[in-house]
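What follows is the residue order along each chain.
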Amino acid sequence: MVKAGTRRLLYAACKRLREHTMLNLDIHPRLLADCHHLGYLPTGALLLNRNNQLPWFILVPDTQLEDVLDLPHEHRDAVMADCARISEFIKHVLGFHKVNFAGLGTVVPQMHLHIIGRGVGDACWPQPVWGNLPEGDVYSADLLSEWQDELVQMAGLELPRS
């Protein structure tokens, strides 16, 4: 377990590193095709699946490693802290009582972590989302902007540069 002071220093270091490298991060084309690019958290890019049936966020950590468990423990702790902030947003702002979390990477080899709001009666309940999510509409620009604003406040999201 990383102490709070150490965690803050690591988080700040990740943010400084991202300022110099993240803006050039190549996000896998499959992820970009399937997702809205919301912006950047200190450890990576934050995406949102275009299908509005469920709030399905994807964090793409700034690393060349493919598996989250291979990250050095300090980096892994910072990535998990960003995931926890997204989970808090899903629960406290969007009102979902359950969050599914996974890092599979079998179709897209680039490390990416799924953070998905779930609830009784959702479009897939109680089945897993993979292979069971029906087609849905895309998110409106207004809702995306509203969520980005909330995530700026709650999670320190930085909006993508135009």
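The rules behind each value
- Residues numbered from 1 in each chain as written.
- Predicted model: local features only at pLDDT ≥ 70, side-chain atom pairs only at ≥ 80, totals over all residues.
- Heavy atoms only, no water.
- Salt bridge = Lys/Arg side-chain N within 4 Å of Asp/Glu carboxyl O.
- Helix = DSSP H or I, 4+ residues; strand = E, 2+ residues; numbered from the N terminus.
- Buried < 20%, exposed > 50% of the residue type's maximum accessible area, 1.4 Å probe, protein only.
- Contact = heavy atoms within 4.5 Å.
- Pairing = 2+ DSSP bridges.
- Axes fitted to C-alpha atoms, helices over the stretch in contact; angles between N-to-C directions.
- Parallel < 35°, antiparallel > 145°, perpendicular 65-115°, else oblique.
- Left-handed = near helix turned anticlockwise from the far one by under 90°.
- Nonpolar A, V, L, I, M, F, W, Y, C, P; charged D, E, K, R; others polar.
- Phe/Tyr/Trp six-rings, centres within 6.5 Å; stacked < 30°, edge-to-face > 60°.

Chemist: Where do I start with the pattern of salt bridges in this structure?
Modeler: Opposite charge on two side chains lets them pair, provided their charged atoms get close. Counted by the stated rule, this structure contains 3 salt bridges. For arginine 30, the salt bridge goes to aspartate 34, with nearest N and O atoms at 3.3 Å. Of the two residues, arginine 30 and aspartate 34 both sit in helix H2 (residues 29-34), 4 residues apart, roughly one turn of that helix. Exposure remark for arginine 30: the relative accessible area of 45% places this residue in the partly exposed category.

Chemist: Even after reading the chapter, I still don't get the environment of glutamate 150, so can you show me in this structure?
Modeler: Assignment of secondary structure puts glutamate 150 in helix H4 (residues 141-155). For glutamate 150 and valine 93, which are 57 residues apart along the polypeptide, the C-alpha to C-alpha distance reads 8.3 Å. Look past the residues within four positions of glutamate 150 in its chain and what remains in contact with it is Phe89 and Val93.

Chemist: Teacher, can you tell me more about the pairing of strand S1 (residues 35-41) here?
Modeler: Within a regular strand, side chains alternate between the sheet's two faces. Counting buried positions along S1 yields 6 of 7 residues, so the element is predominantly enclosed. Pairing between S1 and strand S2 (residues 44-49): 6 bridges, direction antiparallel. Residue cysteine 35 lies in a different strand from S2, and its bridge partner there is asparagine 49. Where S1 hands over to S2, the hairpin turn is made up of 2 residues, counted between the paired strands.

Chemist: Can you walk me through the packing of helix H3 (residues 73-93) against H4 in this structure?
Modeler: Helix-helix packing is described using two parameters, namely the angle between the two axes and the distance between the axes. Following both chains from N to C, one finds H3 and H4 inclined at 120°, their axes separated by 10 Å at the closest point. The angle between H3 and H4 places the two elements in the oblique class. As for the relative orientation of H3 and H4, their crossing is right-handed in sense. Contacts from Arg85, Ile86, Glu88, Phe89 and Val93 in H3 reach Trp147, Glu150, Leu151, Met154 and Ala155 in H4. When its residues are assigned to classes, the contact of H3 with H4 shows 7 nonpolar, no polar and 3 charged.

Chemist: Help me understand the packing of aromatic side chains, please; the structure alone is not making it clear to me.
Modeler: Any aromatic ring pair is given by two values, namely how distant the centres are and how the planes are angled relative to each other. Across all of its chains, the model carries 5 aromatic pairs by this definition. Centre to centre, the rings of phenylalanine 57 and phenylalanine 89 are 5.9 Å apart; their planes meet at 85°, and the pair counts as edge-to-face. Of this pair, phenylalanine 57 sits in strand S3 (residues 56-61) while phenylalanine 89 sits in helix H3, and the two are 32 residues apart along the sequence. Among the residues examined, phenylalanine 57 registers a relative accessible area of 0% and is labelled buried. Look at phenylalanine 89 and tryptophan 147: their rings are 5.9 Å apart centre to centre, the planes differ by 75°, and that puts the pair in the edge-to-face class. With phenylalanine 89 in helix H3 and tryptophan 147 in helix H4, this pair connects stretches of sequence that are 58 residues apart. Look at phenylalanine 89 and you get buried, because its relative accessible area is 0%. Judged by its relative accessible area of 8%, tryptophan 147 is buried.

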